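If you want the building blocks of each chain, they are given just below.
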Amino acid sequence: MQQRAELQGRLIELWSEKLGVPTVTVEDNFFALGGDSLLAADLLMDIYEEFGIEIDAAVLFLKPTIADLLQEVSAV
């Protein structure tokens, strides 16, 4: 459970950094906040490098919120 909370907190930080948005919630849509395919690829690489979690780019496009990504990761 703590690992999930750490991942959630770090994803919020990463999204905020990548998107230049000061406040991000788990329900915010990555693309609605200004994300694009290049930022998505960069974000997914950061997640892989930091946590060793490989997320297919299609997942982020189809499930573009932190809440969705956390569900996807816990399903693996």
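Computed from a predicted model, the values in this text were never measured in an experiment.

Chemist: Go over helix α2 (residues 37-51), please, and point to the residues and values.
Modeler: The end-to-end C-alpha distance of α2 is 21 Å, a good match for the 21 Å that 15 residues give at a rise of 1.5 Å each. Here α2 has its buried residues at Ala40, Leu43, Leu44, Asp46 and Ile47. Here the buried residues of α2 occupy an arc of 155° about the axis, which is enough to place them on one side. Across α2 from its buried face, at more than 90 degrees, point the exposed residues Leu38 and Glu49. Measuring from the backbone nitrogen of leucine 38 back to the side-chain oxygen at the start of α2 gives 3.1 Å, which picks out aspartate 36 as the cap. Positive backbone phi, approximately 70°, marks glycine 52, located one or two places after α2.

Chemist: Tell me about the nonpolar core, and name the residues and values.
Modeler: Counting 19 residues, the largest nonpolar core has Trp15, Phe30, Leu43, Ile47, Ile55 and Leu60 as the members making the most contacts within it. Where this core is concerned, the elements lending two or more residues are α1 (2-19), α2, α3 (57-62) and α4 (66-75). For this core, the leading source of residues is α1, giving five residues.

The rules we used
Residues numbered from 1 in each chain as written. Predicted model: local features only at pLDDT ≥ 70, side-chain atom pairs only at ≥ 80, totals over all residues. Heavy atoms only, no water. Helix = DSSP H or I, 4+ residues; strand = E, 2+ residues; numbered from the N terminus. Expected span 1.5 Å × (residues − 1). Buried < 20%, exposed > 50% of the residue type's maximum accessible area, 1.4 Å probe, protein only. Arc of directions from axis to C-beta. Polar contact = N/O pair within 3.5 Å; in protein donor to acceptor, adjacent residues only side chain to side chain. Core = buried A, V, L, I, M, F, W, Y, C linked by side-chain atoms within 4.5 Å.

That is the geometry; function is a separate question.
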